[in-house]
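If you want the building blocks of each chain, they are given just below.
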Amino acid sequence: MKFSIQTEDLNMLKESVQSNCYRIRFGPEFCELKTPSLSQLKEAYSLVTSKGKEFVYVTPFFSDSGLKKIREHLTFLNEIGRNDIVVNDLGTLNLLKNYPSLKPHLGRQLVFIPARCPWPQITERKIDSLAKSYVEELFYQTSLNYISTIQFYKKWGVDGIDVDWIPKCFPNYEFLAKNGFKLSIHTNLTPVTVTRRCHTARFSREKSIEECSRPCSRKAFLLKHDLLNSNLALYGNVVFQVKDVKSEEAKGLYNMDVAELVISMNPLTKIQKLESINSKIRELDSLF
Amino acid sequence: MLNETSIFEVSKRESDKGKTPKLLSPIRSYEGAVRVVNAGADELYCGVIVPEMRDFVLYRGPKTDIPTYNELGQVVRYAHDHHVSVGVTVNNPFMTEKMEVPLRKHIRACVEQGVDAFIVGDIGVLSIVKDIAPNIKTWASTYLASTNFETVDFLSELGFNRVILERQLTINEITEIAHKSKIEIEVFIHGAGCSNINGKCYLFHFDYPPLAQARNRIRGLHSPCMLPFKVCDASDEKILDDLPVMDAFTGCSICKLPELVRAGVSNFKIVGRDDWPIVQENTTRMYRELIDLIMSDHTEAFWKRVNELKTHFMISPSLSLLTLDDYYCQQERCFYSPLFHTPYRIPSSWCTWTKMQFKKLAVVE
């Protein structure tokens, strides 16, 4: 199994380039305010490639002002050769038609998976068994388990997709791999909901988007509720479900063509230093 | 800085260049259709139960939808007799091979009833709609998370006639998109103010037993993002606060209507398919009145009415249980309030009562 490290922080990237991962995904997946400057992007690219690792640029969803900013990033990456870009916004995908060297890779926000819901209420309802089995079947599908959708994204040059570690979805991921998509499976953190009205910024009494001091770079929060039996956590503008990766679950991937498992570096995963990266890679590798 | 009157004047001047924005109202029944048409809606939208998929429910229950194609037909005929168009939501946020047969049947049945448009939230669903009814109008749902012009342009190239913008855009951002767009731009003006991005949210609302229990006890609670959470530091799990950190709310935009007209938006959407028909009617009537006041240049009357509405209850069937949610205006909690610096505004009495109810539920559990 191959492992990639995802980070939006240049200092963490400096730790990750020393690790045993084969490629590094740099950039914010969810918050456009964390988009790096062009010089940071160039530095990140140089650090990663100088260590012989592959570089992937990760982009979030954008407002128009955010999209203006990344045009120069795309120009830079397009000029230096073929690079994967993780896109989480149809507007970014639209822009990429102007950058022929860049290969779009669909991010998690463009792949709808009902089973990201932290409570499987839909499958627990008291309905007749036939209906229940149909509902369960739909619940674990993805928005790409449909040939027309696959063809559409192929036409747009998409060759890979990001999904989450949801074992009951693995058979449906296999369908995607068989249809030629490179599968990147994120471990430990499943995004449950995303906002622009950033819950962390608001909780930290930030005044405005322009003046946000990025409290998320320092803190993450657990969200607990007596009635909800879910491990929810708030990191920046995203609520995640935190999950352990279990060995019996990994069996579902044994015969599948998975391109990589993605390990995120942030205060929530508590993976922020080289030692913790290598330890995580060893832990996951032992499952296969 | 512009005062209220001058904003209004600019709004009127700019809007002269275009048309009056159309008012789009939600319904879930023939009765609702009659009420909102008579209250001044220009367009209606509704869902219709897909018989084979009635048990697969993500966000809203089947009571939100029109129950039969016959009733849809009645709605369409009544609306068309009054020059009002009807859009049907087929906005599943995803499409799979397993859903194709029922959805094709559903779309054909809606087309047979004469609907004018489909609200579509997925590329796969769009391919089916275009296959069955290539000339029917398609409106891009918020499930497609349109937050920038490039996305609108992309959806326009795919054949959408209208894009419903994501709720969390500023009026300046909306203006920029609307001015560049070749197709219609629709924005939300009233109803469920999701605190998260619709198409990227998996906090499904429907039928999780603890949530259903909480909903029965706590009026005004309709989604998990309204729940109070214990917010703990992830490093040491120390509880820092106990509050509805996601803080969804029912929003309005009465004060912002002149700016939205000026922005060049073509359609104003009221949310509330699950509301009672009388609420759908009253909300429609209120916005109809305000839009007409703007377009007929009755500045003073417009602001007088807005100020009245700021302390005005909605007429609700359960008048005895009015909560903050029943106001039109909730001060700083409108769709177009600042993105960050909005205070958590749960009144202390509501909060205490809510906590009491949760304690009771926990005991029952």
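Enquirer: Give me the domain arrangement of chain B: which residues, what numbers.
Expert: By convention, interface size is frequently given as the accessible area that disappears when the constituent parts associate. All names here are of chain B. Here the domain parsing of chain B yields domain 1 (4–201 + 248–311) and domain 2 (209–245). With four residues of domain 1 at the contact, the number on the domain 2 side is four residues. Between domain 1 and domain 2, roughly 290 Å² of surface is buried when both sides are summed, and carbon and sulfur atoms account for 58% of that area. Linking domain 1 with domain 2 are zero salt bridges, by the criterion used here. Remark: the boundary between domain 1 and domain 2 carries zero residue pairs in polar contact (both at pLDDT 80 or more). In the side of domain 1 that touches domain 2, the residues fall into one nonpolar, three polar and no charged.

Enquirer: Would you mind going over the sheet that holds strand β5 (residues 102–106) of chain A in detail, with residue names and values included?
Expert: All names here are of chain A. Spatially, the eight strands close up into a barrel ordered β1-β2-β3-β4-β5-β6-β7-β12, and their pairing is parallel. The mean angle between the axes of side-by-side strands here comes to 30°, regardless of whether they run parallel or antiparallel. Pairing analysis gives four bridges linking strand β2 (residues 23–26) to strand β3 (residues 54–58), with the strands arranged parallel. Paired with F26 across the strands is Y57, a residue of β3.

Enquirer: Tell me about the interface of chain B and chain A, residues and numbers included.
Expert: Taken together, the contact between chain B and chain A spans 85 residues of the former and 79 residues of the latter. Around 7200 Å² of area is buried between chain B and chain A when both sides are counted, 61% of it from carbon and sulfur atoms. Counting the contacts that link chain B with chain A gives eight salt bridges. With a shortest N-O distance of 2.8 Å, K98(B) and E137(A) are connected by a salt bridge. Seen at the junction of chain B and chain A, the total is 37 residue pairs in polar contact (both at pLDDT 80 or more). Of all the elements in the fold, those that place two or more residues in the side of chain B that touches chain A are α4 (97–112), α5 (123–132), α6 (149–157), α7 (171–180), α8 (209–217), β8 (229–233), β9 (239–243) and α12 (348–364) of chain B. For the side of chain B that touches chain A, the class distribution of residues is 50 nonpolar, 15 polar and 20 charged. Of the pairings in the sheet, the one linking strand β9 (residues 221–225) of chain A to β8(B) comprises four bridges and is antiparallel in character. Bridging from a neighbouring strand, K224(A) pairs with K230(B) of β8(B).

Enquirer: Which residues make up the sheet that holds β9(B), and what values do they have?
Expert: Strand order across the open sheet formed by six strands is β8(A)-β11(A)-β10(A)-β9(A)-β8(B)-β9(B), with antiparallel pairing between neighbours. Whereas interior strands pair on both sides, the edge strands pair on one side only; in this sheet they are β8 (189–194) of chain A together with β9 of chain B. The average undirected angle you get between the axes of adjacent strands in this sheet is 30°. As defined by bridge partners, β8(B) adjoins β9(B) across four bridges and the pair is classed as antiparallel.

Enquirer: How would you sum up the pairing of strand β3 (residues 85–90) of chain B? Please name residues and give values.
Expert: Residues and elements named next belong to chain B. In terms of residue burial, β3 counts as a mostly covered element, since five of its six residues are buried. Relative to β3, strand β2 (residues 43–46) runs parallel, the two being bridged by four bridges. Paired with C46 across the strands is V88, a residue of β3. In the classification by handedness, the crossover that spans β2, the intervening helix α3 (residues 69–81) and the parallel β3 is right-handed. With four bridges joining them, β3 and strand β4 (residues 117–120) adopt parallel strand pairing. Counterpart to V88 in the pairing with β4 is F118. Note on the crossover from β3 through α4 to β4: the handedness is right-handed.

Enquirer: Describe the packing of helix α2 (residues 38–50) of chain A against helix α3 (residues 64–80) of chain A, and please don't skip the residues or the numbers.
Expert: All names here are of chain A. At their nearest, the axes of α2 and α3 sit 10 Å apart, and the two run at 30° to each other. With respect to each other, α2 and α3 are oriented roughly parallel. Remark: the crossing between α2 and α3 carries right-handed chirality. Here L38, L41, K42 and Y45 of α2 lie close against α3, whose contacting residues are E72, H73, F76, L77 and I80.

Calculation notes
- Residues numbered from 1 in each chain as written.
- Chains lettered and ligands numbered in written order.
- Predicted model: local features only at pLDDT ≥ 70, side-chain atom pairs only at ≥ 80, totals over all residues.
- Heavy atoms only, no water.
- Domains from an automatic or database assignment.
- Contact = heavy atoms within 4.5 Å.
- Buried area = accessible area lost by both parts, 1.4 Å probe.
- Salt bridge = Lys/Arg side-chain N within 4 Å of Asp/Glu carboxyl O.
- Polar contact = N/O pair within 3.5 Å; in protein donor to acceptor, adjacent residues only side chain to side chain.
- Nonpolar A, V, L, I, M, F, W, Y, C, P; charged D, E, K, R; others polar.
- Pairing = 2+ DSSP bridges.
- Helix = DSSP H or I, 4+ residues; strand = E, 2+ residues; numbered from the N terminus.
- Axes fitted to C-alpha atoms, helices over the stretch in contact; angles between N-to-C directions.
- Buried < 20%, exposed > 50% of the residue type's maximum accessible area, 1.4 Å probe, protein only.
- Right-handed = clockwise from strand over helix to strand, strands pointing away.
- Parallel < 35°, antiparallel > 145°, perpendicular 65-115°, else oblique.
- Left-handed = near helix turned anticlockwise from the far one by under 90°.

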